[in-house]
There are 2 protein chains.
Amino acid sequence: MKILIEREPLMASIQNVMKAISSKPTIPILSGIKLEANQQEVTLTGSNSDITIESIIPSEEDGVVNIHEIVPGSVVIQAKFLPEIIRKLPENQVELSVDDDMNVLIKSGHAEFKLNGQDTEEYPQLPVLQTDNSFHLQIDLLKMLIRQTNFAVSVSETRPILTGVHLKLENEQLELVATDSHRLASRKINMTDTDGLTFNNVVIPGKSLSELNKILDDTQEPIQISVTDNQILFRTKHLYFLSRLLDGNYPETSRLIPNQSKTVVNVNSKDLIESIDRASLLAKDNRNNIVKLVTQGQNILQITSHSPEIGYVEETLETNAIEGEELKISFNAKYMIDALKAIGTDQVSINFTGAMRPFIMQPDEDDEPILQLITPVRTY
Amino acid sequence: MKILIEREPLMASIQNVMKAISSKPTIPILSGIKLEANQQEVTLTGSNSDITIESIIPSEEDGVVNIHEIVPGSVVIQAKFLPEIIRKLPENQVELSVDDDMNVLIKSGHAEFKLNGQDTEEYPQLPVLQTDNSFHLQIDLLKMLIRQTNFAVSVSETRPILTGVHLKLENEQLELVATDSHRLASRKINMTDTDGLTFNNVVIPGKSLSELNKILDDTQEPIQISVTDNQILFRTKHLYFLSRLLDGNYPETSRLIPNQSKTVVNVNSKDLIESIDRASLLAKDNRNNIVKLVTQGQNILQITSHSPEIGYVEETLETNAIEGEELKISFNAKYMIDALKAIGTDQVSINFTGAMRPFIMQPDEDDEPILQLITPVRTY
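By convention here, each chain's residues receive numbers from 1 onward along its written sequence. Going through the entries in the order they are written, you letter the chains from A and number the ligands from 1. Where totals are concerned, whole chains, interfaces and linings use all residues; where local detail is concerned, this predicted model gives features only for residues with pLDDT of at least 70, and gives and counts side-chain atom pairs only at 80 or more. For side-chain calculations, the full set of non-hydrogen atoms in the structure is used, while hydrogens and water are omitted.

### Focus: the sheet that holds strand S20 (residues 263–268) of chain B
All names here are of chain B.
Thought 1: Note on pairing: DSSP must find at least two bridges between two strands before they are called paired. What counts as a helix is a DSSP run of H or I of at least four residues, what counts as a strand is a run of E of at least two, and both are numbered from the N terminus. Spatially, S16-S13-S14-S15-S28-S27-S26-S20-S24 is the arrangement adopted by the nine strands of the open sheet, whose pairing is antiparallel. The two strands at the open ends of the sheet, each matched to only one other strand, are strand S16 (199–205) and strand S24 (321–324). Along the sheet, successive strands turn relative to each other by an average axial angle of 15 degrees, direction set aside.
Thought 2: Of the pairings in the sheet, the one linking strand S14 (residues 173–179) to strand S15 (residues 183–190) comprises seven bridges and is antiparallel in character. Axes here refer to lines fitted to C-alpha atoms; in helices the fit is confined to the stretch in contact. Angles between the N-to-C directions go from 0 to 180 degrees.

Here is the structure:
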């Protein structure tokens, strides 16, 4: 095997597949990157027990030549130092060749690296995914869906199923839900072109979605999503991203969402985020980061926090409107800021049903079916 | 006490004095920032057992008003959250006032922080330094002197005196030396205006110099340096930086520097840094980060490194000239890169006296009296 390749696309591909490579792999060869060259393209693969990433570098695309010379072949290269080696090479072109003893020779200018390679025979076979059950999204939309829900997954392994995002496709509607049982994030979008495809119990590990979000560029290109019983494949032109699914049944979350409200606050998101952020400066000194919110009349929110050692902070914030009962409520400041940022609209509507009941937040406009729920903290 | 002050200069001052504040202070009140206001200015002080920093905010300077209102007074404020609080305030102006119970009230827009303050009576008295033994440098020059020597101080407490930079002023020449006994950095400059001032055993803790370098802006303004038996004071218009000196006698280092050479290499610094940097990628896999250098003929350097697990790297580098005996030598790559960066000139001259003797590096030009010494590693 021998390729003469541009450094930049090679570097980008390596960085993508590195996201699947664990520093403590379950089998030793998975600490390496698999490299396969055929006449048209070079494919890099990285894998761990949860995800597998394949990145394809086409020889030429849109008139840009990525690979100047290919002698087909394959090898597994130790991943640990590879990104640094490629990044620091002196020239823009890299010659990578493999001899019969699986020694990898990387040449660029006057620099020459000889790395120990391994036979790809040793590399585990990747599952071939039946891609009948597929649907498409725009990449930028998928990234937004991940951003709006994935932060709310549980970081504790007490209930493993909650460390994933629940995906449901029913009646031409795709719904994502994440909850750590203290807060919940939900997002729906209407789909066309699903060909009657439905599924209900797909739970994707939160970590997989984080890595996928990092790899994908914010473009309007399509991404194909294929689902089986225990795996999900995301596929773009040059990328395969395969993740295992979580075992078990995701809890029924719709009944957690209150369908009435006693106090409704309509407020500018940015102002509210900044006020809570300041109040939480002192709240962080306690372990649980609690701030208190009190309605004052028709349009003032008072936000306070207290740390016995440091002091007291008080913010008053003018809202667009406060309707319904007076309210005093306490909650985790970080949950609130996360949720407001996920909603991302200028104005937000908050629906409370009393100091001890979960409250929900939604965009002021009706057209974005996003909902964030937070369980308050008992302080009164 | 009450001040109405611009947020930006207050923020900058707080960040400066924070560099002296330890998270585990020897006496509790030193976890706070001392704030003193008189009619002309506000002075902030932070201190730990090694350094004390005072930062002065003048009421008005060069037509720019920093403080709009001053009622004189003083207070010590818990430093832990102060930078974040001031940074996140909603308005550009900050009102800071202290009541009779030493409660500090910080107001800006609709945000109000009430912090627990302490009486400045509790704050330790700072030593007043006799400033007869003073000399001046330009700030940018002082920063360069620190950068060219301070990296070579020892990080181990085995010989505490080596954790500092040795300062000597004799015959109108200022000399800085740092060594960890494996490498040595030395820099001399000629002084005028020293008024016959001499000293020989001033050893400044490396950490103090790092902090000082961070605080000082790269300007041509003068800085006054005053030395006593156990302290050194750096003083600019708005900053006092007081550091303790290290106890003990600094070793005589001049005899370590070889005064002859058997092989002289003249080479482009940047090329050499990049080659060694690449070679060291594999060397880092060993604990000691060793690369090997071999001269080849009149102008080629071969730089190699080897890691049994990962592989082998070889660089060839064209030099300007190699004179004298052939040479094979091994050294710590990080030491070499540090030294070349400290020299900072385009071309560098390296003088070797055999594979087992320390070698020295100097700028190709004669006018910068900087010298870097590295002890090789035995590998042959």
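### Brief notes about the interface of chain B and chain A
Thought 1: Residue-level contacts link 29 residues of chain B with 29 residues of chain A.
Thought 2: For the chain B and chain A pair, buried surface summed over both sides reaches about 2700 Å², with 55% attributable to carbon and sulfur atoms.
Thought 3: Whenever a carboxyl oxygen of Asp or Glu lies within 4 Å of a side-chain nitrogen of Lys or Arg, that contact is scored as a salt bridge. Linking chain B with chain A are two salt bridges, by the criterion used here.
Thought 4: Where Asp277(B) meets Lys88(A), a salt bridge forms, and the shortest distance between an N and an O atom there is 2.9 Å.
Thought 5: Two N or O atoms form a polar contact when they lie within 3.5 Å of each other; inside protein one atom must be a possible hydrogen donor and the other a possible acceptor, and for residues adjacent in sequence the pair counts only when both atoms belong to side chains. On the surface where chain B and chain A come into contact, there are 16 residue pairs in polar contact (both at pLDDT 80 or more).
Thought 6: In this classification, Asp, Glu, Lys and Arg are treated as charged, Ala, Val, Leu, Ile, Met, Phe, Trp, Tyr, Cys and Pro as nonpolar, and every other residue, Gly included, as polar. The residue inventory of the side of chain B that touches chain A, partitioned by class, reads 13 nonpolar, five polar and eleven charged.
Thought 7: With five bridges connecting them, strand S23 (residues 311–318) of chain A and strand S11 (residues 111–118) of chain B associate as antiparallel partners. Bridging across to S11(B), Glu314(A) finds its partner in Glu112(B). Here a residue-residue contact requires only that any non-hydrogen atoms of the pair lie within 4.5 Å. Once two parts are put together, the accessible area they lose, assessed with a 1.4 Å probe and summed over both, is termed the buried area.

### Overview of the pattern of salt bridges
Residues and elements named next belong to chain B.
Thought 1: Overall, the coordinates contain 28 salt bridges over all chains when judged by the stated rule.
Thought 2: The shortest N-O distance in the salt bridge between glutamate 61 and lysine 237 comes to 3.5 Å. Residue glutamate 61 is found in strand S5 (residues 60–61), and its partner lysine 237 is found in the loop between strand S18 (231–235) and strand S19 (239–244); the two are separated by 176 residues along the sequence.

### Concerning the relation of the copies chain B and chain A
Thought 1: Here the copies were fitted onto each other by least squares, based on C-alpha atoms from residues at pLDDT of at least 70 in both. Between the two copies, chain B and chain A, the superposition gives an RMSD of 0.0 Å; the rotation angle is 180 degrees and the shift along the axis is 0.0 Å. Taken together, the turn and the small shift mark the pair as related by a two-fold rotation axis.
Thought 2: Of the interface residues in chain B, 100% have counterparts in chain A that sit at the interface too, so the contact is made through matching surfaces.

### Considering the packing of aromatic side chains
The geometry of two aromatic rings is summed up by the distance between their centres and the angle between their planes.
All names here are of chain A.
Thought 1: For Phe, Tyr and Trp, where Trp contributes only its six-membered ring, two rings pair if their centres lie within 6.5 Å, and the inter-plane angle classes them as stacked under 30 degrees, edge-to-face over 60, or tilted in between. Scanning the model with the defined rule gives eight aromatic pairs over all chains in all.
Thought 2: When the centroid spacing of 5.9 Å and the interplanar angle of 35 degrees are considered together, the rings of phenylalanine 135 and phenylalanine 199 count as tilted. Placement of phenylalanine 135 in strand S12 (residues 134–138) and of phenylalanine 199 in strand S16 (residues 199–205) is noted, with a sequence separation of 64 residues between them. With respect to class, phenylalanine 135 is no different from phenylalanine 199; both count as buried.
Thought 3: Residues phenylalanine 234 and phenylalanine 241 carry aromatic rings whose centres are separated by 6.2 Å and whose planes lie at 70 degrees to one another, so their mutual orientation is edge-to-face. Taken as a pair, phenylalanine 234 and phenylalanine 241 share a single burial class, namely buried. Relative accessibility under 20% of the residue-type maximum defines a buried residue, over 50% an exposed one, and the middle range a partly exposed one, all with a 1.4 Å probe and only protein chains included.

### Regarding the side chain of Thr45(B)
All names here are of chain B.
Thought 1: Considering the arrangement of structural elements, one finds threonine 45 in strand S3 (residues 41–47).
Thought 2: On the basis of relative accessible area, threonine 45 is assigned to the buried category, the value being 0%.
Thought 3: Every residue in contact with threonine 45, bar those within four places of it in the chain, is listed here: Val17, Gly32, Ile33, Lys34, Thr52, Ile53, Glu54, Tyr123 and Leu126.

### Some words on the sheet that holds strand S13 (residues 164–170) of chain A
Sheet strands associate in pairs through backbone hydrogen bonding, adopting either a parallel or an antiparallel arrangement.
All names here are of chain A.
Thought 1: Strand order across the open sheet formed by nine strands is S16-S13-S14-S15-S28-S27-S26-S20-S24, with antiparallel pairing between neighbours. Edge positions in the sheet fall to S16 and strand S24 (321–324), since each of these pairs with one other strand and no more. With direction set aside, neighbouring strand axes in the sheet form an average angle of 15 degrees.
Thought 2: Helix H5 (residues 269–283) contacts strand S20 (263–268) and strand S26 (347–352) of the sheet and is inclined by roughly 95 degrees relative to S20.
Thought 3: Strands in contact with helix H6 (residues 333–343) are strand S15 (183–190), S26, strand S27 (359–363) and strand S28 (370–374); relative to S28, the strand with the most contacts, it is inclined by about 175 degrees.

### Section: the domain arrangement of chain A
Thought 1: Boundary definitions for the domains trace back to an automatic or database domain assignment. When the domains of chain A are assigned, the result is domain 1 (2–122), domain 2 (135–254) and domain 3 (257–374).
Thought 2: Computed from C-alpha atoms alone, the centre-to-centre distance between domain 1 of chain A and domain 3 of chain A is 49 Å.

### Details of H6(A)
Thought 1: For H6(A), a buried count of nine out of eleven residues is recorded, marking the element as mostly surrounded by other parts of the structure.
Thought 2: Within two residues after H6(A), Gly344(A) carries a phi angle of roughly 75 degrees, on the positive side.

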